[in-house]
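# Architecture at a glance
Chain by chain, the residues run as shown.
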Amino acid sequence: MSVTAAQPTSVDVLIVGAGISGIGAAYYLQRDHPGRSYAVLEAREASGGTWDLFRYPGIRSDSDLHTFGYEFKPWRDEHSIADGDRILSYLRETAAEHGIDQKIRFRSKVLGASWSSTEGRWSVRVEHTGTGEQTTLTCNWIFCAGGYYRYDEGFTPHFEGRERFRGQVVHPQHWPQDLDHAGRRVLVIGSGATAVTLVPALADTAARVTMVQRTPSYVMPVPAKDKLANRLRALLGEERGYALARRKNIVRQQAVWRFCQKHPKAARRIIRRYNTKLLPEGYPVDEHFNPPYEPWDQRLCAVPNGDLFRAIREDRAAVVTDRIASFTETGVLLESGRTIEADIIVTATGLNVQAMGGMALTVDGQPVDLADTIAYKGMMLSGVPNFAYAIGYTNSSWTLKVGLLCEHFCRLLARMDANGDDIANPVLADPAMPTRPFLDFGAGYIQRAIHLLPRQGDRAPWRTSLNYAGDVKLLRHLPVEDPELRFSRSAGAARSAGSGAEANVR
């Protein structure tokens, strides 16, 4: 569906992004506010976000789908760690079941949005990515559900001599569907979630797969199937079984994270013990799987049923910890002097962060510099009225946080309706409040862009929490009102109310 004149040019809520967060936001909005109009803008030609974009071999979640899935829609597949196709089908099924797919406007990229306090509305510039045509939509609220990285390009560092390599260089974010790696030597550069997913998947048919990493990551084996969750579903039915499995896994995720934070040395020993057990006898575990940072300073990499370790054990894959000095005609030269031959090089080197979908914001004619804003309750920005966003957890399943944010957003709208307000603006009472990075996370792709992102404060409501139990209390149960969230009524809303009253009198 493309933007046409037949579609409304003014809605109450404009949701940006038709991935897992945007579909979830649309569900909660129409459930709790069925009278509100909304549209979902998607820059690409298909829904699903990340799960439609990434097509590389082995693409899967690294969180269990009982928590990564929506609270309102049970995950029915027996695989708890699921591949991309299953997740994409789940998302599209959700959208179709609730009519959300009919609200999506594809190839609609938001270029910028201008807020008017007088009118209490956003004017949003939208470009049709197929034709280049630009249109303007207006709305009372923008809900940005586009995640935090760029979909049009991944991150690839400069490699000396790359142009000399005679084989094919591929970034996982733009995987060619016709790439045939069977019987070929593949070199994967990287050590994160994408690399540890690719290596065992490629090793099934490649002649040899080598993962070259500068720094090791923590890698933990996890069951591909959650036996207890499947048993609960069989005994109690889809709804109750899913709810119990979800609670179980939420508790487990939070317990693991807290244990790693409180007892990092013990956590390191436990992870190493698992690695040693699954790797060949005498394998240099400390060289290749013992990072210099503590567990959960960066996200742990999960490998279903230990598939990465199995590929190494069966000598179908290898890990090399070294730095690349340069590409050569037939592979790479490492700083140690070692050379690795390859037919295909995969640069699993990370993402490019892009805050708020890359849209330029202005408030009453003044440009908004995101780096000057402070995150309010992890869902709004100081000094930016009627703008919400969905950024999930980095220490557990993304969707757990997004669901709570959507619920709170709907509660906020209900509070505004009850009081006749149409503007909500977070205003920092203490401009001298100490701040820290918005995403307090050591991953390289975050650190490269940290200076461009909003910041967070040292106290509520300006602190972005990673604590699910605390967020349930704050976002689901505590009052919406806060001294630092200012509600008001625009002149435009007052005029509309007056016109309505006059019409009723007549």
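Residues numbered from 1 in each chain as written. Predicted model: local features only at pLDDT ≥ 70, side-chain atom pairs only at ≥ 80, totals over all residues. Heavy atoms only, no water.

Turning our attention to the layout of surface pockets. Taken as a whole, the second largest pocket encloses approximately 860 Å³ of empty space. What lines the second largest pocket is a set of 31 residues, and nearest its centre among them are Met220, Pro221, Val222, Arg252 and Val256. For the lining of the second largest pocket, the secondary structure elements donating two or more residues are strand S11 (219-222), helix H7 (238-262), helix H8 (264-278) and strand S12 (301-304). In terms of residue count, H7 provides more of the lining of the second largest pocket than any other element does, 7 residues in total. The residue inventory of the lining of the second largest pocket, partitioned by class, reads 17 nonpolar, 6 polar and 8 charged. (1 Å grid on protein atoms, 1.4 Å probe; cavity = no way out; pocket = protein on both sides within 12 Å on 5 of 7 lines; lining within 4 Å. Points joined across faces, edges and corners; volume = space filled by probe spheres on them. Helix = DSSP H or I, 4+ residues; strand = E, 2+ residues; numbered from the N terminus. Nonpolar A, V, L, I, M, F, W, Y, C, P; charged D, E, K, R; others polar.)

With that settled, consider the sheet that holds strand S14 (residues 324-328). Strand order in the open sheet made by the 3 strands is S14-S15-S16, with antiparallel pairing throughout. Lying at the two open borders of the sheet, with one neighbouring strand each, are S14 and strand S16 (339-341). Here the average twist between neighbouring strands, direction ignored, is 20°. Where S14 and strand S15 (residues 331-334) come together, 4 bridges link them in antiparallel fashion. The residue of S15 that forms the bridge with Ser326 is Leu333. (Pairing = 2+ DSSP bridges. Axes fitted to C-alpha atoms, helices over the stretch in contact; angles between N-to-C directions.)

This part covers the packing of aromatic side chains. Scanning the entire structure with this criterion turns up 22 aromatic pairs. Ring plane angle 70° and centroid distance 5.9 Å describe the contact between Tyr389 and Phe438, whose orientation is recorded as edge-to-face. Of this pair, Tyr389 sits in strand S23 (residues 384-389) while Phe438 sits in the loop between strand S25 (435-437) and helix H12 (444-447), and the two are 49 residues apart along the sequence. Per residue, the accessibility class of Tyr389 equals that of Phe438, and both read buried. By way of ring pairs, the aromatic residues Tyr27, Tyr28, Tyr70, Phe72, Trp75 and Tyr90 are connected into one cluster. (Phe/Tyr/Trp six-rings, centres within 6.5 Å; stacked < 30°, edge-to-face > 60°. Buried < 20%, exposed > 50% of the residue type's maximum accessible area, 1.4 Å probe, protein only.)

Relative to each other, helix H6 (residues 227-236) and H7 sit at 150°, their axes nearing to 7 Å. Taken together, H6 and H7 sit at an angle that is classed as roughly antiparallel. You can see that H6 and H7 cross each other, and the crossing is right-handed. Along its contact with H6, which presents Leu228, Ala229, Leu232, Arg233 and Leu236, the element H7 presents Glu238, Arg240, Gly241, Leu244, Ala245 and Lys248. Along the lines of polarity and charge, the residues of the contact of H6 with H7 split into 6 nonpolar, 1 polar and 4 charged. (Parallel < 35°, antiparallel > 145°, perpendicular 65-115°, else oblique. Left-handed = near helix turned anticlockwise from the far one by under 90°. Contact = heavy atoms within 4.5 Å.)

Moving on, we come to the nonpolar core. One finds Ile15, Trp122, Trp141, Phe143, Phe289 and Phe387 to be the most contacted residues of the largest nonpolar core, which totals 131 residues. The element that contributes the greatest number of residues to this core is helix H11 (residues 398-419), accounting for 11 residues. Contacts of Phe387, omitting those with residues within four sequence positions, involve Trp122, Trp141, Ile142, Cys144, Met356, Met359, Leu361, Met379, Met380 and Leu381. (Core = buried A, V, L, I, M, F, W, Y, C linked by side-chain atoms within 4.5 Å.)

Let us now look at the pairing of strand S5 (residues 121-128). The side-chain alternation of S5 yields one buried face, formed by Trp122, Val124, Val126 and His128, and one unburied face, formed by Arg121, Ser123, Arg125 and Glu127. In terms of strand pairing, S5 meets strand S6 (residues 134-144) through 6 bridges, oriented antiparallel. By the bridge assignment, Val126 is partnered in S6 with Thr135. Counting the residues in the hairpin turn of S5 and S6 gives 5 residues, including Gly132, whose phi is positive at 80°.

Turning next to a nonpolar patch on the surface. On the surface, Phe259, Ile270 and Tyr274 cluster together into a nonpolar patch covering about 250 Å² of accessible area. Along the polypeptide, Tyr274 turns up in helix H8. By relative accessible area, which is 43% here, Tyr274 ends up partly exposed. (Patch = residues over 30% accessible without salt bridge, like charges linked within 9 Å, V, L, I, M, F, W, Y side chains within 5 Å. Areas by Shrake-Rupley, 256 points an atom, 1.4 Å probe, with all protein chains shown as cover. Salt bridge = Lys/Arg side-chain N within 4 Å of Asp/Glu carboxyl O.)

For H6, the complete set of buried residues consists of Ala229, Asn230 and Leu232. Around the axis of H6, the buried residues are gathered within 160° of arc, so they sit on the same side. Of the exposed residues in H6, those oriented more than 90 degrees away from the buried face are Lys227, Ala234 and Leu235. Residues of H6 that are buried sit in contact with helix H3 (65-68) and H7. The N-terminus of H6 is capped by Asp226, whose side-chain oxygen sits 3.3 Å from the backbone nitrogen of Leu228. (Arc of directions from axis to C-beta. Polar contact = N/O pair within 3.5 Å; in protein donor to acceptor, adjacent residues only side chain to side chain.)

Let us look at empty space enclosed by the protein. Taken as a whole, this structure holds 4 cavities of 30 Å³ or more when the rule is applied. In this structure, the largest cavity occupies an estimated 90 Å³ of space. If you trace the largest cavity, you find 15 residues lining it, with Tyr28, Glu71, Arg246, Thr399 and Gly403 closest to the centre. Put simply, the parts of the chain that give the lining of the largest cavity at least two residues each are helix H1 (20-32), H11 and helix H13 (468-477). Ranked by residue count, the leading element in the lining of the largest cavity is H11, at 7 residues. Residues that form the lining of the largest cavity fall into these classes: 7 nonpolar, 4 polar and 4 charged.

This next bit is on the side chain of Asn140. Secondary-structure assignment places Asn140 in strand S6. Reaching out from Asn140, the side chain makes a polar contact with the backbone oxygen of Asp422 at a distance of 3.2 Å.

Attention now goes to the sheet that holds strand S8 (residues 168-170). Pairing within the open sheet is parallel, and its 5 strands lie in the order S8-S17-S9-S10-S13. Two strands bound the open sheet, and with one partner strand each, they are S8 and strand S13 (317-321). Taken pair by pair, the neighbouring strands of this sheet meet at an average axis angle of 20°, ignoring direction. As paired elements, strand S9 (residues 185-189) and strand S17 (residues 344-347) share 4 bridges and run parallel to each other. What sits directly across from Leu187, in S17, is Ile345.

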